[in-house]
Amino acid sequence: MAVDGILLSAIKNELENNILDARIDKIYQPENSFLTFQVRRPGEDLKLLTSIHPERSRVHLTEQNFSNPAHPPDFCMVLRKYLTHGHIQQIKQPGFERILIMDIKNNNKIYRLVLEIMGRYSNIILKDDSNKVLDAMKRISGSKTSHRELYPGVQYQAPPGQDKLNPLTVTKSDFFAKIPSDFKKYCFRAVLYNFRGIGPYSAKEIIHRAGVDFEQAYSELNDEQKEKIWSSFNQIVKKIKKADFSPAAGINEKDRIEYISAFPLTCMDVKETVKFASTQELFAYYYQKEVIQKKYNKKYDRLKSVVKKYLSKNKKQQKKQYKRYQESKNADQYKKKGELIKANIHQLKKGMEHAELINYYDSENSSVEISLKPDLTPAENAQYFFKKYNKTKKSKKYIKRELGKLKHEEKYLQQVKLNINQAENMADLSEIEEELKDEGYIEKNKQVNPQKRKAQKKLPPHKFRSTEGYDILVGRNNRQNDRLTKKIASNQDLWLHTKKIAGSHVIIRNHTGKEIPENTIIEAAVLAAYHSDARMSQNVPIDYTEVKNVNKPKGAKPGLVYYDEYQTIYVDPDEQLVEELKTE
């Protein structure tokens with residue numbers, strides 16, 4: 001997403017209408033790449049966001065809330081020092097560049113906040129009225145670039161200029177004089193390369209509105225076509241001067257944002273054009289649809305990958321241990337072989353690779369062939385089999401225990417997989433991520449204070465109310481399932497869960513102390529089926545019992561319990577009923 005000079009002009013116009021003469025009350029830097037300013041004007045509090053993220057550089061008003069660090073970065077502290085309680089007096093867009101300059105008066109001094117909204121070259125600079133840089137979000141020293149330096153104490157230099165004209169001051173003669181008649185590239189590039197602040201999409205739109213193919217070479221156009229391009233260019237400029245903007249986003253066939261612009265773009269082949277009353281609404285839509293969804297997808301894919309990796313590892317270990325267990329069941333055969341070698345030791349000698357001996361354990365005294373180790377004596381061969389018998393017999397208990405642990409872990413990971421699949425938002429995924437960190441499946445960030453992690457607000461369970469007025473709670477993840485069943489629920493509440501299927505813990509709160517109605521149990525069972533791996537199935541078995549009958553084994557992973565004295569009911573998941581019962 002790129003903000004060109006036209007969209008920035010629309011943003012400037014909106015800021016002038018909303019925050020001129022407003023007082024800056026608070027300044028925050030939630031992340032390294034962006035700042036928020038809380039500003040106050042009579043009867044209204046507003047929030048300004050400006051970002052220098054290489055893919056999402058922008059400036060606009062916002063209603064979104066952000067988590068702020070306990071210790072503000074140095075640049076944020078500098079801004080607070082000079083700008084807090086200052087009043088925004090003027091907002092300029094010099095030369096129609098992708099730059100906004102805000103004049104802020106504080107303590108009878110003028111400070112200028114320079115917002116360079118230029119993609120990966122974006123920056124935010126604070127300077128005084130003598131043009132001296134007080135600080136920059138991205139400091140630039142001479143060793144990094146030969147173009148300019150940006151650090152405290154130097155004179156501010158604007159980004160290197162391009163040999164382009166300001167479209168707001170261009171005359172017809174200027175327009176045609178600037179574009180070489182033999183310009184052989186696409187005609188939209190003739191506009192893009194010669195006039196400031198006009199991005200690729202805007203340049204294509206100007207050509208398209210002129211009724212010309214924007215991929216036709218400019219040198220191939222006739223005079224009539226060139227006149228139409230000038231007329232289209234001039235019409236757009238008039239709209240900019242009048243602040244006649246209509247912010248819009250184009251949605252493609254994949255339901256992704258194809259473009260954002262100060263005007264709807266008729267040159268773009270999109271499924272839908274969404275129009276907005278303000279750039280604030282445009283960016284709120286973009287952030288929600290693209291940025292948050294992109295972050296969500298990235299975390300979702302990463303968590304799924306982690307669980308998939310450990311499930312694969314678990315199944316390989318189970319297969320290996322099961323093979324060892326099958327071998328351990330033959331432990332008595334090793335003992336018999338050792339006994340038979342001892343009984344026939346006078347017939348054997350070192351160097352033999354196998355021996356056919358009478359099997360005294362067989363009622364018919366049939367012969368049995370035993371493989372021997374030729375480098376061992378007969379007595380040593382007998383001891384080899386006795387040792388193998390003892391080792392295999394002892395390992396049998398260990399292998400059974402290990403298999404139990406692996407099956408326990410597999411059940412846990414399948415539940416985590418379900419929780420990821422049914423996560424509704426970023427907060428759900430973040431709680432699952434923290435759980436996987438605590439369980440050792442994801443490495444913890446050593447730079448994050450453990451106390452801060454513990455202090456993070458826990459999500460509430462999903463809340464529903466039965467048609468008969470009973471509150472029903474559904475866990476979002478394994479740790480919440482534990483909290484719900486063992487800390488929130490009381491002994492007289494009813495606990496429900498899919499039988500032998502990964503799913504959420506469901507609690508019916510028994511506020512009456514009486515027997516819970518059958519219909520409420522059925523509705524809760526439908527919720528349990530819906531919040532499980534059987535969401536797309538029918539006739540799903542749901543076990544239910546009083547909470548007092550649900551116990552958690554010592555050392556068990558989150559969400560895993562055992563229960564007794566239960567009953568089973570069969571229901572079909574019903575999304576419509578789920579929506580009807582939802583309270584928040």
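Nothing here was measured: the structure is a model prediction, and the numbers come from that model.

Peer 1: Looking at this model, I keep getting lost on the sheet that holds strand β16 (residues 471-474). Mind explaining?
Peer 2: Picture the strands of a sheet paired through backbone hydrogen bonds; they go either parallel or antiparallel. The six strands lie next to each other as β15-β16-β18-β17-β19-β22, forming an open sheet whose pairing is antiparallel. Edge positions in the sheet fall to β15 (462-465) and β22 (567-571), since each of these pairs with one other strand and no more. Averaged over all pairs of adjacent strands, the angle between strand axes in this sheet comes to 25°, irrespective of strand direction. Across the sheet, helix α12 (residues 478-488) lies against β15, β16, β17 (494-498) and β18 (506-508), angled at about 140° from β16, the strand it touches most.

Peer 1: Explanation requested: unusual backbone geometry in the structure shown.
Peer 2: Residues other than glycine predominantly adopt negative phi, and peptide bonds predominantly adopt the trans conformation. Phi at Asn107 takes a positive value of approximately 55°, unusual for a residue other than glycine. Checked against the element boundaries, Asn107 lands in the loop between β6 (99-106) and β7 (109-116). Among the residues examined, Asn107 registers a relative accessible area of 65% and is labelled exposed. Non-glycine residue Lys500 carries a positive phi angle of around 55°.

Peer 1: Hey, could you run me through the state of the cysteines in this one?
Peer 2: Any covalent bond linking the sulfur atoms of two cysteines counts as a disulfide. Under the defined criterion, the tally for this structure stands at zero disulfides. Here Cys187 stays free of any disulfide, with the sulfur of Cys267 as its closest cysteine sulfur at 12 Å. Using a relative accessible area of 0% as the deciding quantity, one classes Cys187 as buried.

Peer 1: Sorry, what's going on with the nonpolar core here?
Peer 2: Side chains of a nonpolar character, in soluble globular proteins, are inclined to be buried together. Ile19, Phe37, Leu83, Leu113 and Phe233 are the most contacted members of the largest nonpolar core, which has 83 residues in total. At seven residues, helix α1 (residues 5-19) tops the list of elements feeding residues into this core. Not counting residues within four places of it along the chain, the set of residues in contact with Phe37 comprises Ile24, Lys26, Ile27, Leu46, Lys47, Leu48, Thr50, Leu79, Leu83 and Leu113. In terms of nonpolar packing, the next biggest core, distinct from the first, is built from 26 residues, Leu494, Ile508, Val526 and Ile542 among them.

Peer 1: Sorry, what's going on with the sheet that holds strand β11 (residues 257-261) here?
Peer 2: Strand order in the open sheet made by the three strands is β11-β10-β12, with antiparallel pairing throughout. Each edge of the open sheet is held by one strand with a lone partner, namely β11 and β12 (272-275). Averaged over all neighbouring strand pairs, the angle between strand axes comes to 20°, with direction disregarded.

Peer 1: Would you mind going over the pattern of salt bridges with me for this structure?
Peer 2: Pairing is possible between side chains that carry opposite charge, provided their charged atoms lie close to one another. Taken as a whole and assessed by the stated rule, the structure comprises 30 salt bridges. A salt bridge links Asp438 to Lys444; the shortest N-O distance between them is 3.4 Å. Residue class for Lys444 comes out partly exposed when judged on its relative accessible area of 40%. Via salt bridges that share partners, Lys92, Asp103 and Arg112 belong to a single interconnected network.

Peer 1: What's the story with the packing of aromatic side chains in this structure? I'm lost.
Peer 2: Both the distance between ring centres and the angle between the ring planes are used here to describe each pair of aromatic rings. Summed over the entire model, instances satisfying the criterion amount to 20 aromatic pairs. In textbook terms, an aromatic cluster arises when at least three aromatic residues are bridged by ring pairs, as seen for Phe175, Phe176, Phe195, Trp230 and Phe233. Stacked on the ring of Phe188, the Lys or Arg Lys204 has its end atom at 5.1 Å from the ring centre. The ring of Phe263 is capped by Arg209, whose NZ or CZ atom sits 6.0 Å from the centre of that ring.

Peer 1: Quick question: what am I supposed to make of the side chain of Gln480 here?
Peer 2: As for its position among the elements, Gln480 is in helix α12. Engagement of the side chain of Gln480 in a polar contact is seen with the backbone nitrogen of Arg476, the distance being 2.8 Å. Not counting residues up to four positions away in its chain, the partners in contact with Gln480 are Glu431, Leu459, Pro460, Pro461, His462, Val474 and Gly475.

Peer 1: Just to check I follow, could you spell out helix α10 (residues 426-438) for this structure?
Peer 2: Structurally, the α-helix is built with 3.6 residues per turn, so residues lying three or four positions apart point the same way. In this model α10 runs 18 Å from its N-terminal to its C-terminal C-alpha over 13 residues, within 8% of the 18 Å that 1.5 Å per residue would give. Residues of α10 that are buried: Asp428, Leu429, Glu431, Ile432, Glu433, Glu434, Glu435, Leu436 and Lys437. Two or three places before Ala427, at the opening of α10, Asn425 has a side-chain oxygen 3.2 Å from that residue's backbone nitrogen. Just downstream of α10, Gly440 is the residue with a positive phi angle, here 85°.

Peer 1: Is there a simple way to explain the pairing of strand β2 (residues 34-41) in this structure?
Peer 2: For a regular strand, side-chain orientation follows a simple rule: the groups alternate between the two sheet faces. Bridging between strand β1 (residues 23-31) and β2 involves six bridges; their strand directions are antiparallel. When the sheet's bridge partners are listed, Lys26 is paired in β2 with Gln38. Linking two consecutive strands that pair antiparallel, namely β1 and β2, is a turn of two residues. Judged from the eight bridges that link them, β2 and strand β3 (residues 44-51) form a sheet pairing that is antiparallel. Among the inter-strand pairings, Thr36 is bridged to a residue of β3, identified as Leu49. Hairpin connection from β2 to β3: two residues lie between these consecutive antiparallel strands, with Gly43 at a positive phi of about 80°.

Peer 1: Which parts of the structure should I look at to understand the pairing of strand β8 (residues 123-128)?
Peer 2: Extensive coverage of β8 is indicated by the burial of six of its six residues. Alternating positions in β8 separate into two faces, Asn123, Ile125 and Lys127 on one and Ile124, Leu126 and Asp128 on the other, with burial throughout. Of the pairings in the sheet, the one linking β7 to β8 comprises six bridges and is antiparallel in character. Bridge assignment links Leu115 to a residue of β8, and that residue is Ile124. Two successive antiparallel strands, β7 and β8, enclose a turn made up of six residues, where Gly119 displays a positive phi of approximately 60°. Pairing geometry for β8 and strand β9 (residues 133-136), over three bridges, is antiparallel. Across the sheet, residue Lys127 finds its bridge partner in β9, namely Val133. A loop of four residues connects β8 with β9, the two strands running antiparallel in sequence, and Asn131 in this loop sits at a positive phi of about 75°.

The rules we used
Residues numbered from 1 in each chain as written. Predicted model: local features only at pLDDT ≥ 70, side-chain atom pairs only at ≥ 80, totals over all residues. Heavy atoms only, no water. Pairing = 2+ DSSP bridges. Helix = DSSP H or I, 4+ residues; strand = E, 2+ residues; numbered from the N terminus. Axes fitted to C-alpha atoms, helices over the stretch in contact; angles between N-to-C directions. Contact = heavy atoms within 4.5 Å. Buried < 20%, exposed > 50% of the residue type's maximum accessible area, 1.4 Å probe, protein only. Disulfide = S-S within 2.5 Å. Core = buried A, V, L, I, M, F, W, Y, C linked by side-chain atoms within 4.5 Å. Salt bridge = Lys/Arg side-chain N within 4 Å of Asp/Glu carboxyl O. Phe/Tyr/Trp six-rings, centres within 6.5 Å; stacked < 30°, edge-to-face > 60°. Lys NZ or Arg CZ within 6 Å of the ring centre and 35° of its normal. Polar contact = N/O pair within 3.5 Å; in protein donor to acceptor, adjacent residues only side chain to side chain. Expected span 1.5 Å × (residues − 1).

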